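Residues per chain are reported as follows:
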Amino acid sequence: MTAPAGISPEIEAVLENGLNKTALTCLHCPSRILNPSVGTFVQQEFALPAMTKQKNQIIDEKHELREFWKVKDMFQFENVGFSNTVDGVKYLTCADCEMGPIGWHDLVTKENFIAVSRVRNS
Ligand SMILES: [Zn+2]
């Protein structure tokens, strides 16, 4: 299987058949968010608020991100927290330390997207 155009070597190193090769954990604590081979790598633009550890506090500052793990069903997560609904989405946070947002949940499609840069491959 060939990788889509524009994939960096860093991303290729954590991909296997387009899925996450290793488990995804929180950047700030050992909490496991996703098991291997559950998230599909996707490239799309989304402006995610800057990270904070304050539960349900969403910072105004947003970062344009392009690389995500798509998780079709919220029940496929090992551990994840959800924020209140903001502008039609719920933000995903670490269930244990509440650091986030690490991604977002689309209320219409029910799909979930985890920012590749906001989790650790372990
Ligand atoms: Zn955590």
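- An unreviewed UniProt entry lists the protein chain under the name Guanine nucleotide exchange factor MSS4 homolog, from Frankliniella occidentalis.

Points about the coordination of the zinc ion
Now for step 1: Every protein donor of the zinc ion is accounted for by Cys 26 (SG), Cys 29 (SG), Cys 94 (SG) and Cys 97 (SG), and the metal-donor separations fall at 2.3 to 2.4 Å.
Now for step 2: Between the four donor atoms coordinating the zinc ion, the angles at the centre fall across 102 to 118°, so the site counts as tetrahedral.
Now for step 3: Read in sequence order, the donor residues coordinating the zinc ion give the pattern C-x2-C-x64-C-x2-C. Each member of the pair, Cys 94 together with Cys 97, is buried.

Details of the packing of aromatic side chains
Now for step 1: For the structure on display, the rule yields four aromatic pairs.
Now for step 2: Ring centres 5.1 Å apart and planes at 85° place the aromatic pair Phe 68 and Trp 104 in the edge-to-face group. Of the two residues, Phe 68 is situated in strand E6 (residues 62-71) and Trp 104 in strand E9 (residues 103-106); the sequence distance between them amounts to 36 residues. Both residues of the pair, Phe 68 and Trp 104, count as buried.
Now for step 3: By the ring-pair criterion, three or more aromatic residues cluster together here, those being Phe 46, Phe 68, Trp 104 and Phe 113.

Topic: the nonpolar core
Now for step 1: Grouped together as the largest cluster of nonpolar side chains are 22 residues, with contacts concentrated most on Ile 33, Phe 41, Trp 69, Phe 77, Ile 114 and Val 119.
Now for step 2: Among the elements of the structure, strand E3 (24-26), strand E4 (32-34) and E6 are those that each provide at least two residues to this core.
Now for step 3: Membership of the second largest hydrophobic core comes to 10 residues, among which are Leu 65, Val 89, Tyr 91 and Phe 113.

Side note on the environment of Cys 94
Now for step 1: Tracing the backbone shows Cys 94 in the loop between strand E8 (89-93) and E9.
Now for step 2: Measuring from C-alpha to C-alpha, the distance between Cys 94 and Glu 16 comes to 24 Å, with 78 residues separating the pair along the chain.

Digging into the side chain of Ser 31
Now for step 1: Mapping Ser 31 onto the fold places it in the loop between E3 and E4.
Now for step 2: There is a polar contact of 2.8 Å between the side chain of Ser 31 and the side chain of Asp 96.
Now for step 3: Residues in contact with Ser 31, not counting those within four places in the same chain, are Leu 24, Thr 25, Cys 26, Asn 79, Cys 94 and Asp 96.

Observations concerning the pairing of strand E7 (residues 81-86)
Now for step 1: With four bridges joining them, E7 and E8 adopt antiparallel strand pairing. Each residue of the ladder has a partner; that of Phe 82, found in E8, is Leu 92.
Now for step 2: Hairpin connection, E7 to E8: the antiparallel pair is bridged by two residues, and Asp 87 has positive phi, about 50°.

Points about the pattern of salt bridges
Side chains that carry opposite charge are capable of pairing whenever their charged atoms lie near each other.
Now for step 1: Inspection of the entire model under this criterion finds two salt bridges.
Now for step 2: One salt bridge connects Glu 45 with Arg 66, and the closest N-O pair in it is separated by 2.6 Å. Residue Glu 45 is found in strand E5 (residues 40-49), and its partner Arg 66 is found in strand E6; the two are separated by 21 residues along the sequence.
Now for step 3: Looking at Arg 66, the relative accessible area reads 52%, which means it is exposed.
Now for step 4: Glu 111 serves as the salt-bridge partner of Lys 70, at 3.7 Å between the closest nitrogen and oxygen. Of this pair, Lys 70 sits in strand E6 while Glu 111 is found in the loop between E9 and strand E10 (112-115), placing the two residues 41 residues apart along the sequence.

Calculation rules
Residues numbered from 1 in each chain as written. Predicted model: local features only at pLDDT ≥ 70, side-chain atom pairs only at ≥ 80, totals over all residues. Heavy atoms only, no water. Donors = N, O, S within 2.8 Å, 3.2 Å for Na, K, Ca; no water. Tetrahedral: all angles 85-135°; square planar, octahedral: opposite > 155°, others 65-115°. Buried < 20%, exposed > 50% of the residue type's maximum accessible area, 1.4 Å probe, protein only. Phe/Tyr/Trp six-rings, centres within 6.5 Å; stacked < 30°, edge-to-face > 60°. Helix = DSSP H or I, 4+ residues; strand = E, 2+ residues; numbered from the N terminus. Core = buried A, V, L, I, M, F, W, Y, C linked by side-chain atoms within 4.5 Å. Polar contact = N/O pair within 3.5 Å; in protein donor to acceptor, adjacent residues only side chain to side chain. Contact = heavy atoms within 4.5 Å. Pairing = 2+ DSSP bridges. Salt bridge = Lys/Arg side-chain N within 4 Å of Asp/Glu carboxyl O.

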